[in-house]
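Letter by letter, the chains look like this.
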Amino acid sequence: MEYWLRNTLLILAACYFDCKGEEAVDQQSGHVTALEGGLVTLSCNYTTSSTSPDLFWYIQLTRNSPQYVLRRDRYSEGSNSDEFKKRFDSRLNFTSSSVPLTIQRLQLSDSAVFYCALKPTVTTGYTASLQKHMELLNDNTPVCIVYNTTLKLYPT
């Protein structure tokens, strides 16, 4: 199976099967359009029983595997991938249980699918997976819906 497809399936499976009712993200679903050079904010709300959640954003460009963009948590500034430090930012709002992703100075190359997650879900090369072991609920019924937001940019 192609690397990008395998990683996409891992993200979807992690979001779909690893949610146990109290662990979920609710992301703006569908398409968001913006103009090149502008600013856009993609929403992500979460539900967790953790008092110190880690929230992650990933980007998937056409025909590529998903890439880690950034991580935010309650007690630190979190981290950004080097590639996404300058224009991508997010602040974890523990009060509103949200972690919106803001992208400044939009470029046409930012057109992609964006995923928000409560756990690391992307593998890194040929190393072990970063995600935790997934398990189904007792009745094998998943309780979460997988959301993603597709950002489409247009030239100014």
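What you see is a predicted model, and the numbers here were worked out from it, not measured in a lab.

Procedures and definitions
Residues numbered from 1 in each chain as written. Predicted model: local features only at pLDDT ≥ 70, side-chain atom pairs only at ≥ 80, totals over all residues. Heavy atoms only, no water. Pairing = 2+ DSSP bridges. Helix = DSSP H or I, 4+ residues; strand = E, 2+ residues; numbered from the N terminus. pLDDT = per-residue confidence, 0-100. Contact = heavy atoms within 4.5 Å. Polar contact = N/O pair within 3.5 Å; in protein donor to acceptor, adjacent residues only side chain to side chain. Core = buried A, V, L, I, M, F, W, Y, C linked by side-chain atoms within 4.5 Å. Buried < 20%, exposed > 50% of the residue type's maximum accessible area, 1.4 Å probe, protein only. Axes fitted to C-alpha atoms, helices over the stretch in contact; angles between N-to-C directions.

*Asks:* If you had to explain the sheet that holds strand β11 (residues 149-154) to someone new, which residues and values would you point to?
*Replies:* Read across the sheet, 6 strands follow the order β2-β11-β10-β5-β6-β7 without closing on themselves; strand pairing throughout is mixed. If you trace the sheet from one side to the other, it starts and ends with β2 (30-35) and β7 (79-80), each paired once. As defined by bridge partners, β2 adjoins β11 across 6 bridges and the pair is classed as parallel. By the bridge assignment, T33 is partnered in β11 with K152.

*Asks:* Pulling in residues and values, what's your account of the confidence of the model for the protein?
*Replies:* Should pLDDT be low for a region, the predicted coordinates there are not to be read in detail. The share of residues in the protein with pLDDT of 70 or more is 68%, and the mean pLDDT across the chain is 75. Counted against residues more than four places away or in other chains, residues 7-20, with its pLDDT under 50, gives 41 contacts. Confidence drops under pLDDT 50 across residues 123-146; counting only partners more than four residues distant or on other chains, this segment forms 38 contacts.

*Asks:* Pulling in residues and values, what's your account of the environment of S90?
*Replies:* The topology assignment puts S90 in strand β8 (residues 88-90). Here the alpha-carbon distance between S90 and F56, two residues 34 residues apart in the chain, equals 9.7 Å. Not counting chain neighbours up to four residues away, the residues in contact with S90 comprise W57, L70, R72, V99, P100 and L101. There is a polar contact of 2.7 Å between the side chain of S90 and the backbone oxygen of P100.

*Asks:* Describe the nonpolar core, with residues and values.
*Replies:* Of all hydrophobic cores here, the largest spans 25 residues; its most connected members are V40, L55, W57, L101, I103, F114 and L151. Of all elements in the fold, only β2, β3 (40-42), β4 (44-47), β5 (54-60), β6 (67-73), β9 (101-103), β10 (112-117) and β11 reach the threshold of two or more residues within this core. Counting 5 residues, the second largest nonpolar core, distinct from the first, contains F56, Y58, V113 and A117.

*Asks:* Which residues make up the sheet that holds β9, and what are the values?
*Replies:* Strand order across the open sheet formed by 3 strands is β3-β9-β8, with antiparallel pairing between neighbours. Of all strands in the sheet, those bounded by a partner on one side alone are β3 and β8. Strand-to-strand twist of the sheet, defined as the mean angle between neighbouring strand axes without regard to direction, takes the value 25 degrees. Both β8 and β9 contribute to a ladder of 3 bridges, which runs antiparallel. Counterpart to S90 in the pairing with β9 is L101.

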